[in-house]
Amino acid sequence: MPSTTRPRLRPALDAVPGYTPARVPAGEAPVHRLAANESPYPPLPGVLERLAATAADAHRYPDWGCRELTAELAARLDVPAAHLAVGNGSVGLTQQLLQITTGPGDEVLFAWRSFEAYPVMTRLAGAVPVQVPLTGDERHDLEAMARAVTGRTRLVIVCNPNNPTGTVVGRAALETFLDRVPADVLVVLDEAYIEFADDPDHPDGVELYRDRPNVCVLRTFSKAHGLAGVRVGYAVAHEPVAAALRKAAVPFGVSQFAQDAAVASLRAESAMRERVAALTAERTRVVAELTARGLTVAETRANFVWLRLGARTEEFADACAAAGVSVMAFPGEGVRVTIGEAAANDAFLGCASRFRTGHAAAGHTGEQGSTA
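These remarks concern the structure in this document. In this numbering scheme, every chain counts its residues from 1 along its sequence in written order. Per-residue local features are limited, in this predicted model, to residues with pLDDT of at least 70; the limit for side-chain atom pairs, both in listing and counting, is 80 or more; totals at the level of whole chains, interfaces and linings are taken over all residues. Note that water and hydrogens are dropped before the side-chain values are worked out from all heavy atoms of the structure.

1. Quick notes on the overall build of the protein chain
Right, so step 1: The secondary structure content of the protein chain amounts to 12 helices and 12 strands.
Right, so step 2: Each radius of gyration is computed over the set of C-alpha atoms, and the globule rule expresses the reference value as 2.2 Å times the number of residues to the power 0.38. Its C-alpha atoms give the protein chain a radius of gyration of 21 Å, within 12% of the compact-globule value 21 Å for 372 residues.
Right, so step 3: The cut-offs for exposure are 20% and 50% of the maximum accessible area for each residue type, with area from a 1.4 Å probe on protein chains only; residues under the lower value are buried, those over the upper are exposed, and the others partly exposed. Sorting the 372 residues of the protein chain into buried and exposed places 52% on the buried side.
Right, so step 4: For the accessible areas, the method is Shrake-Rupley and the probe is 1.4 Å, while residue cover comes only from the protein chains on display. When the accessible area of the protein chain is evaluated, it comes to approximately 16600 Å², of which 54% is carbon and sulfur surface.
Right, so step 5: Taken together, the 36 basic and 42 acidic charged side chains of the protein chain have centroids lying 4 Å from each other. Going along the chain from the N terminus, every DSSP run of H or I of four or more residues is numbered as a helix, and every run of E of two or more is numbered as a strand. Here Asp and Glu are counted as negative and Lys and Arg as positive; His is not counted, and neither are the chain ends. We put the charge of a Lys on NZ, of an Arg on CZ, of an Asp on CG and of a Glu on CD.

Below you can see the structure in the form of structure tokens.
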């Protein structure tokens, strides 16, 4: 008779909801995928050709040290190769950062709402997430975050531009905040969307890290470079942190396909910049159209828009799904909608035209009034 005794799992799992990916409407009708902040474009010129060559060696393990990609990044960023760590997307590197900085009961500080994986990964690491509410205009409250740092804080994450609101932290404000964080607390600047940040006041994390040993910068090839499917990102940090990240990496965790695709993408930078310009132009158009329809849109500098819809969030998402448009819904809060190709954006705007929402933030609760 089979035993009824179950394997003992970590009790911390009981408090972890798990990461919920964007949903894609079911059925055979065409679907506009505007939920996951993917690029609407195919891989950049030269990428598929490089991958075709890589496939011939698919029976071999990848380069564990990611040497070619590391050398390419070091030259382009003007940083030592020893200050780089390549990982399975920036989210994989975030998990490694938690592994090298936190233990049970340690605190990880970040704004909220921000990237939905932060609290999940923090709890899985056994650490305590400390979530500081955004300001009324959907921005990081750096003053409140600075006050929230305690003797147990081990990691601070600043998502800039912020996911899902698209808002940015300016250079002077960020530098003031960094000056207030204790030197033994690691600050991570998550810059997954930096290529879309056309605000002249937006800081370059790599420039800030150079004389700040407690700053680590995360970037990814999933967004502007259009490589979400192959999973590759990188961290820039001073050698003790970068070395620890490499030590915590899963052996052979970055496939050769991912490494080679990233190298080819870096060498197609001009084409990437053209695509970013096209998407930011579409972003401007979409924001203008939404505003004309009476919706309040956060001031985004990413490849998505954020609508705080409160209690009507799921209703709005369901209406979009019925029209063949997938959006990322955060129940009771709002929706994040990726900027895609013009046809997809028009389909989304058609859904939005049936809604009219007022923005009435209620303190730090995130509550929202809305009218149709």
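2. Some remarks on the sheet that holds strand 4 (residues 128–133)
Right, so step 1: Strand pairing is assigned whenever DSSP identifies at least 2 bridges connecting the two strands. Strand order in the open sheet formed by seven strands is 2-8-7-6-5-3-4, and the pairing between neighbours is mixed. Bordering the open sheet on either side are strand 2 (84–87) and strand 4, each of which pairs with just one other strand. Pairs of neighbouring strands in the sheet enclose a mean axial angle of 20 degrees, with direction left out of account.
Right, so step 2: Inspection of the sheet shows strand 3 (residues 107–112) paired to strand 4 by six bridges, in the parallel sense. Note on method: axes are straight lines fitted to C-alpha atoms, helices fitted across the in-contact stretch only, with angles between N-to-C directions ranging 0 to 180 degrees.

3. Some remarks on the pattern of salt bridges
Right, so step 1: Between Lys or Arg on one side and Asp or Glu on the other, a salt bridge is scored when a side-chain nitrogen of the former is within 4 Å of a carboxyl oxygen of the latter. Following the criterion strictly, the structure yields 28 salt bridges and no others.
Right, so step 2: Close ionic contact of arginine 267 with glutamate 68 constitutes a salt bridge, the shortest N to O distance being 3.4 Å. Note that arginine 267 is positioned in the loop between helix 9 (256–266) and helix 10 (269–292) and glutamate 68 in helix 2 (residues 67–77), a separation of 199 residues in sequence.
Right, so step 3: For aspartate 204, the salt bridge goes to arginine 219, with nearest N and O atoms at 2.9 Å. Pair noted here: aspartate 204 is in the loop between strand 6 (186–190) and helix 7 (205–209) and arginine 219 is in strand 7 (residues 215–220), with a separation of 15 residues, a long-range link.
Right, so step 4: Three or more residues joined by partner-sharing salt bridges are found here, namely Arg50, Glu68, Glu72, Arg76, Asp260, Arg267, Glu269 and Arg273.

4. Looking at the nonpolar core
Right, so step 1: Here the nonpolar core consists of buried residues drawn from Ala, Val, Leu, Ile, Met, Phe, Trp, Tyr and Cys, with membership extended through side-chain atoms lying within 4.5 Å. Within the largest apolar cluster, 80 residues are counted, with the highest numbers of intra-cluster contacts made by Phe177 and Phe348.
Right, so step 2: Contacts are assigned to residue pairs with any non-hydrogen atoms lying within 4.5 Å of each other. Not counting residues within four places of it along the chain, the set of residues in contact with phenylalanine 348 comprises Leu34, Val286, Leu290, Val305, Leu307, Phe316, Cys320, Val325 and Val337.
Right, so step 3: Core analysis: the second largest hydrophobic core is formed by 22 residues, Ala85, Leu97, Phe115 and Met121 among them.

5. A few points about the environment of aspartate 260
Right, so step 1: Note on placement: aspartate 260 falls in helix 9.
Right, so step 2: With a relative accessible area of 8%, aspartate 260 lands in the buried category.
Right, so step 3: Separated by 194 residues in the primary sequence, aspartate 260 and cysteine 66 place their C-alpha atoms 9.3 Å from one another.
Right, so step 4: Excluding anything up to four places from it in sequence, aspartate 260 contacts Arg50, Thr54 and Glu68.

6. Some points on the sheet that holds strand 12 (residues 334–338)
Right, so step 1: A sheet is described by the order of its strands in space; here three strands give the open sequence 9-12-11, paired in antiparallel fashion. Bordering the open sheet on either side are strand 9 (304–308) and strand 11 (328–330), each of which pairs with just one other strand. Strand-to-strand twist in this sheet, taken as the mean axis angle between neighbours without regard to direction, amounts to 15 degrees.
Right, so step 2: In this structure, strand 9 lies alongside strand 12, joined through five bridges in antiparallel fashion. For phenylalanine 304, the partnering residue across the bridge sits in strand 12 and is threonine 338.

7. Section: the environment of serine 39
Right, so step 1: Here serine 39 lies in the loop between strand 1 (32–33) and helix 1 (47–55).
Right, so step 2: Looking at serine 39, the relative accessible area reads 18%, which means it is buried.
Right, so step 3: With 193 residues separating them along the chain, serine 39 and valine 232 place their C-alpha atoms 15 Å apart.
Right, so step 4: Residues within four places of serine 39 in sequence aside, it is in contact with Lys223 and Gly226.
Right, so step 5: Polar contacts here mean pairs of N or O atoms no more than 3.5 Å apart (in protein, one a potential hydrogen donor and the other a potential acceptor; neighbouring residues in sequence count only if both atoms are side-chain atoms). Within the structure, the side chain of serine 39 is placed 3.1 Å from the backbone nitrogen of tyrosine 41, a separation counted as a polar contact.

8. Observations concerning helix 8 (residues 239–248)
Right, so step 1: The complete set of buried residues in helix 8 reads Val241, Ala242 and Leu245. With its buried residues spanning 95 degrees around the axis, helix 8 presents them on a single face. Exposed residues lying more than 90 degrees from the buried face of helix 8 are Pro240 and Lys247.
Right, so step 2: If you follow the buried residues of helix 8, they end up packed against strand 2, helix 3 (89–101), strand 6, strand 7 and strand 8 (233–236). This arc is taken over the directions from the axis of the helix to the C-beta atoms.

9. Remarks on the environment of arginine 113
Right, so step 1: Position of arginine 113 relative to the elements: it lies in the loop between strand 3 and helix 4 (117–124).
Right, so step 2: Non-local contacts of arginine 113, meaning those with residues more than four positions away in its chain, are made with Leu134, Asn162, Asn163, Pro164, Trp306, Phe330 and Glu333.
Right, so step 3: At 2.7 Å, the side chain of arginine 113 and the side chain of glutamate 333 are in polar contact.

10. Let's talk about the side chain of histidine 238
Right, so step 1: Within the fold, histidine 238 resides in the loop between strand 8 and helix 8.
Right, so step 2: For histidine 238, a relative accessible area of 16% translates into the label buried.
Right, so step 3: Here the side chain of histidine 238 touches tyrosine 209 through a polar contact of 2.8 Å, landing on its backbone oxygen.
Right, so step 4: In contact with histidine 238, other than residues within four places in its own chain, are His83, Tyr209, Arg210, Asp211, Arg212 and Pro213.

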